[in-house]
Amino acid sequence: MRTDDLLSRIDLDELMKKDEPPFTFPKTLEEFEYAFNEYGQLRHIKTGEPFVFNAREDLHRWNQKRYEALGEIITQYVYELLEKKCNMTKAILPVDATDVEPTSFIYQSSDALSNPSKLLVLIQGSGVVRAGQWARRLIINQDLDSGTQIPFITRAIEEGYGVMVLNPNENYLEVEKPVQSPLIPSPTEPSDEPAEKRERKEDKEGKKKREFYEKYRNPQKETETERIPIRENGSSEEHVLYVWDHFVSKAAAKNVFIMAHSYGGLSFVELMNQREMQVKNRVCAVALTDSAHNIWLQETSKGTQDWMQQHCCNWVSSPEPLDTPLDPMLPDCPRVSAGTERHELTSWMSFNSIFMFFSDILEAKESEEAEETSNTVTTRSSSLKSKHQDL
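Rules behind the numbers
- Residues numbered from 1 in each chain as written.
- Predicted model: local features only at pLDDT ≥ 70, side-chain atom pairs only at ≥ 80, totals over all residues.
- Heavy atoms only, no water.
- Helix = DSSP H or I, 4+ residues; strand = E, 2+ residues; numbered from the N terminus.
- Areas by Shrake-Rupley, 256 points an atom, 1.4 Å probe, with all protein chains shown as cover.
- Buried < 20%, exposed > 50% of the residue type's maximum accessible area, 1.4 Å probe, protein only.
- Expected span 1.5 Å × (residues − 1).
- Salt bridge = Lys/Arg side-chain N within 4 Å of Asp/Glu carboxyl O.
- Core = buried A, V, L, I, M, F, W, Y, C linked by side-chain atoms within 4.5 Å.
- Contact = heavy atoms within 4.5 Å.
- Pairing = 2+ DSSP bridges.
- Axes fitted to C-alpha atoms, helices over the stretch in contact; angles between N-to-C directions.
- Phe/Tyr/Trp six-rings, centres within 6.5 Å; stacked < 30°, edge-to-face > 60°.
- Parallel < 35°, antiparallel > 145°, perpendicular 65-115°, else oblique.
- Left-handed = near helix turned anticlockwise from the far one by under 90°.
- Nonpolar A, V, L, I, M, F, W, Y, C, P; charged D, E, K, R; others polar.

An unreviewed UniProt entry lists the protein under the name Arb2 domain-containing protein, with Anabas testudineus as the source organism.

Undergrad: It is not clear to me how the overall build of the protein should be interpreted in this structure. Could you clarify?
TA: A count of helical and extended segments in the protein gives 14 helices and 13 strands. Taken as a whole, the protein presents about 21900 Å² of accessible surface, with 49% of it coming from carbon and sulfur.

Undergrad: Would you take a moment to explain unusual backbone geometry for this structure?
TA: A negative phi holds for most residues other than glycine; trans holds for most peptide bonds. Residues Leu93 and Pro94 are joined by a peptide bond in cis, for which omega reads -10°. On the secondary structure map, Pro94 appears in the loop between strand E3 (89–93) and strand E4 (104–108). One non-glycine residue, Glu232, lies in the positive phi region at around 60°. Topologically, Glu232 is positioned in the loop between strand E8 (225–229) and helix H9 (236–246). At Met329, a residue that is not glycine, the phi angle is positive and equals roughly 65°. Inspection of the secondary structure puts Met329 in the loop between strand E12 (325–326) and strand E13 (335–337). Relative accessible area serves as the criterion here: at 67%, Met329 is assigned to the exposed category.

Undergrad: Got a minute to help me understand helix H10 (residues 263–274) in this structure?
TA: It helps to recall that an α-helix has 3.6 residues per turn; residues three or four apart then point in one direction. With twelve residues, H10 extends 17 Å between its outermost C-alpha atoms, agreeing within 8% with the 16 Å of an ideal straight helix rising 1.5 Å per residue. Of the positions making up H10, those classed as buried are Gly264, Gly265, Leu266, Ser267, Phe268, Val269, Leu271 and Met272.

Undergrad: For this particular structure, what's the right way to read the pattern of salt bridges?
TA: If you walk through the whole model with that rule in mind, you get 17 salt bridges. With its nearest N and O atoms 3.1 Å apart, the salt bridge here joins Arg231 to Asp96. Of this pair, Arg231 sits in the loop between E8 and H9 while Asp96 is found in the loop between E3 and E4, placing the two residues 135 residues apart along the sequence. For Asp96, a relative accessible area of 49% gives the class partly exposed. Glu344 is the partner of Arg342 in a salt bridge, and the nearest nitrogen-oxygen pair spans 3.1 Å. Within the structure, one salt-bridge network assembled from shared partners comprises Asp96, Glu101, Arg231 and Glu232.

Undergrad: What is the right way to read the nonpolar core from this model?
TA: Nonpolar side chains tend toward joint burial in soluble globular proteins. Membership of the largest hydrophobic core comes to 51 residues, with the highest contact counts inside it found for Leu120, Leu122 and Phe358. With ten residues, helix H4 (residues 60–84) is the single largest residue contributor to this core. Ignoring anything within four residues of it in the chain, the contact list for Leu120 reads Phe152, Ala156, Tyr161, Gly162, Val163, Met164, Phe257, Ile258, Met259, Phe355 and Phe358. Judged by nonpolar contacts, the second largest core, of 32 residues, contains Ala91, Ala112, Tyr242 and Phe268.

Undergrad: It is not clear to me how the pairing of strand E10 (residues 283–289) should be interpreted in this structure. Could you clarify?
TA: Across the seven residues of E10, seven count as buried, placing the element largely inside the fold. For strand E9 (residues 255–261) and E10, the ladder comprises six bridges, and the chain directions are parallel. The partner of Ala260 across the bridge, within E10, is Leu288.

Undergrad: So what exactly am I meant to see when it comes to the sheet that holds E12 here?
TA: Sheets are built from strands paired through backbone hydrogen bonds, the pairs being either parallel or antiparallel. If you walk across this open sheet you meet the nine strands as E3-E4-E6-E5-E9-E10-E11-E13-E12, and the pairing is mixed. Edge positions in the sheet fall to E3 and E12, since each of these pairs with one other strand and no more. Helix-sheet contacts for helix H7 (residues 150–158) involve strand E5 (118–123), strand E6 (161–165) and E9, and the interaxial angle to E6 is about 155°. Strand contacts of H10: E5, E9, E10 and strand E11 (312–316), with the helix running at about 135° to E9, the strand carrying the most contacts.

Undergrad: When you look at the packing of aromatic side chains in this model, what are you seeing that I'm missing?
TA: Geometrically, a pair of aromatic rings is defined through the distance of the ring centres and the angle of the planes. Under the definition given, this model contains 19 aromatic pairs. Plain terms: the ring middles of Tyr79 and Tyr107 are 5.8 Å apart, the flat faces sit at 40° to each other, and that makes the pair tilted. You can see Tyr79 sitting in helix H4 and its partner Tyr107 sitting in strand E4, a full 28 residues away along the chain. Here Tyr79 and Tyr107 have matching classes, each one buried.

Undergrad: Quick question: what am I supposed to make of the packing of H10 against helix H12 (residues 302–311) here?
TA: Angle between the axes and distance between the axes: these two values describe a pair of packed helices. Following both chains from N to C, one finds H10 and H12 inclined at 130°, their axes separated by 10 Å at the closest point. With respect to H12, the axis of H10 lies oblique. Handedness of the crossing formed by H10 with H12: right-handed. Counting all contacts with H10, which are made through Phe268, Val269 and Met272, the residues of H12 involved are Thr304, Trp307 and Met308. Residues of the contact of H10 with H12, tallied by class, amount to five nonpolar, one polar and no charged.

Undergrad: Teacher, can you tell me more about the packing of H9 against H10 here?
TA: At a minimum axis separation of 9 Å, H9 and H10 run at an interaxial angle of 55°. Judged on the interaxial angle alone, H10 and H9 are oblique. In this structure, H9 crosses over H10, and the sense of that crossing is right-handed. On H10, the residues touching Ser236, Glu237, Val240, Leu241 and Trp244 of H9 are Tyr263, Leu266, Ser267, Glu270, Leu271 and Gln274.

Undergrad: Even after reading the chapter, I still don't get the environment of Ile45, so can you show me in this structure?
TA: Along the polypeptide, Ile45 turns up in the loop between strand E2 (42–44) and H4. When the C-alpha positions of Ile45 and Glu33 are compared, they lie 5.6 Å apart, and in sequence the two are twelve residues distant. Beyond its immediate stretch of four places on either side in the chain, Ile45 contacts Glu30, Glu33, Tyr34 and Ala35.

Undergrad: Would you mind going over the pairing of E11 with me for this structure?
TA: Working note: regular strand, side chains alternate between the two faces of the sheet. A large share of E11 lies buried, amounting to five of its five residues. Side chains Cys312, Asn314 and Val316 of E11 all project onto a buried face; the interleaved residues Cys313 and Trp315 project onto the opposite face, where all are buried too. With four bridges joining them, E10 and E11 adopt parallel strand pairing. Across the sheet, Ala287 pairs through a bridge with Cys313, a residue of E11. Across three bridges, the pairing between E11 and E13 is parallel. Looking at E13, one finds that Val316 is bridged to Ser337.

Encoded structure:
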């Protein structure tokens, strides 16, 4: 029997009876019956077991929706930690937003703009992760330390940094569209069309029927939405540039440090392309983890490449031990091993090395500045002494 003949005999009412469970999920961790233990691991409050993705066999779409619902709760949970544990506050974007337009936000420590010495800017990769997260998968399946930026924030504050946590994936407001039921394709009447043309039309109609069947095999329809972009923050690159112009560039810190993971590295390089001299004048060091940037595709200048050689380091996924130098591949910045082959773990595995890198770069800079100051003072003293002798 041909596929389109079979599809034409499908009883949609019978399919509806075999529908998957409703996409209605708990709104809190407690309702999910999960909680983070003292080690920051997500565990079932009754069994103590880790999170189980396949809660229902053979219902992949339902399991995925359940996982996404938990992910949204995790996002809010991390926001609470940023505010309560790290004492950070939100800054709304755009800074001149009206009451009716969609907005985003970043998080800042109390001294992010006023700290005269050091400012650390954190930029995550692309995807579902929001402010304060490196990887949702790690938060759910491993622990909060590896999956969130909280250890970086805590240590930075302890070491005297102001901190800004960017939110490059919050780019739009998603609103529901009115649901419209698709029409079942009507059968075609016999015609005098050439056989070849009629076959093409039948193939096309058969495809429509197959698509219709796929949509109704699990009749629980996806909600149709439209996205309203957030002004000047419609992409990760736009967001990073906007935060630089309206926050970082106005911060008091003499030394700005940036840490960027995955696509965040690409967004940083784009920032350099747009604000090259500003970045060079303000940024002391940049730590990248498995960065997605590409200096050829992004058409970075020779000056930017040279600067990156001196001020950047990229910890990449590799089987080699942590901090093992690797082939540079491109003439942009040194690459070293993150001590893991898992992309999402590169930030956490490089944790200590990154802060040592920042410290070493700053020490070298301050030493160089002190030497320049000393030479200036010596030169002035010699000049004054020479003048006195002449008199």
